[in-house]
Amino acid sequence: QVQLVESGGGLVQAGGSLRLSCAASGSIFNINAMGWYRQAPGKQRELVAAITSSGSTNYADSVKGRFTISRDNAKNTVYLQMNSLKPEDTAVYYCNAHTRSMLGHVYDYWGQGTQVTVSS
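Here we summarise the structure given alongside this text. As the structure is a computational prediction, the values presented were derived from the model and not from experiment.

## Considering the layout of surface pockets
In this structure, the largest pocket spans a volume of roughly 150 Å³. Taken together, Ala-24, Ile-28, Phe-29, Ile-31, Met-34, Ser-53, Arg-71, Asp-72, Asn-73, Asn-76, Thr-77 and Val-78 form the lining of the largest pocket. Only strand S4 (31–39), strand S7 (67–72) and strand S8 (77–82) provide two or more residues apiece to the lining of the largest pocket. Its residues assigned to classes, the lining of the largest pocket shows 6 nonpolar, 4 polar and 2 charged.

And the structure:
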């Protein structure tokens, strides 16, 4: 199993910045990729950004050029630097770890979520 602990959410004014952190522990050797998802009230959960074990990244079009995902392998931690925040970025942000066991079993683990609120 993988445990994910998130931190860094909060309230910020439009145009401001926040950095989210997600520390992974447990069976981290099975992690293929980690990412951040978000869910706003009344909306489906959506991918914000992801990074593979090899360092390849992927971003939602709505955050390209504003958000940056990175990882510190020594700390087993993934970060999401969010700049130029907009009110529409307001959501609960969830850390995700996508794992594949040696037997090929795929499973997604989720953090508890952290609230990001951007005021206009």
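Let's pick the thread back up.
## Side note on the state of the cysteines
Applying the stated criterion across every chain yields a total of 1 disulfide. Note that Cys-22 is cross-linked by a disulfide to Cys-95, the S-S spacing being 2.0 Å. Its torsion about the S-S bond being -85 degrees, the disulfide of Cys-22 and Cys-95 is classed as left-handed. Of this pair, Cys-22 sits in strand S3 (residues 18–26) while Cys-95 sits in strand S9 (residues 91–100), and the two are 73 residues apart along the sequence. This pair shows no difference in class: Cys-22 is buried, exactly as Cys-95 is.

What counts and how
Counting of residues starts from 1 at the beginning of each chain's written sequence and follows it residue by residue. Given that the model is predicted, a residue must reach a pLDDT of at least 70 before its local features are reported, and side-chain atom pairs must reach 80 or more before they are shown or counted; all residues, however, enter totals for whole chains, interfaces and linings. Hydrogens and waters are ignored; side-chain quantities use all the structure's heavy atoms. A cavity, in this analysis, means grid points on a 1 Å lattice covering only the protein atoms where a 1.4 Å probe fits yet has no way out; a pocket is instead an open set bounded by protein on both sides within 12 Å along at least five of seven lines, and a residue lines either one if it has an atom within 4 Å of a point. Grid points are joined across faces, edges and corners, and a volume is the space filled by probe spheres set on the points. We count a stretch as a helix when DSSP gives it H or I for four or more residues in a row; a strand needs E for two or more, and each element gets its number in order from the N terminus. For this classification, Asp, Glu, Lys and Arg are treated as charged, while Ala, Val, Leu, Ile, Met, Phe, Trp, Tyr, Cys and Pro are nonpolar and the rest, including Gly, are polar. A pair of cysteine sulfur atoms is labelled a disulfide when the two atoms are within 2.5 Å. Only protein chains enter the area calculation, which uses a 1.4 Å probe; residues under 20% of their type maximum are buried, those over 50% are exposed, and those in between are partly exposed.

Shape is all these values report; function is a separate question.
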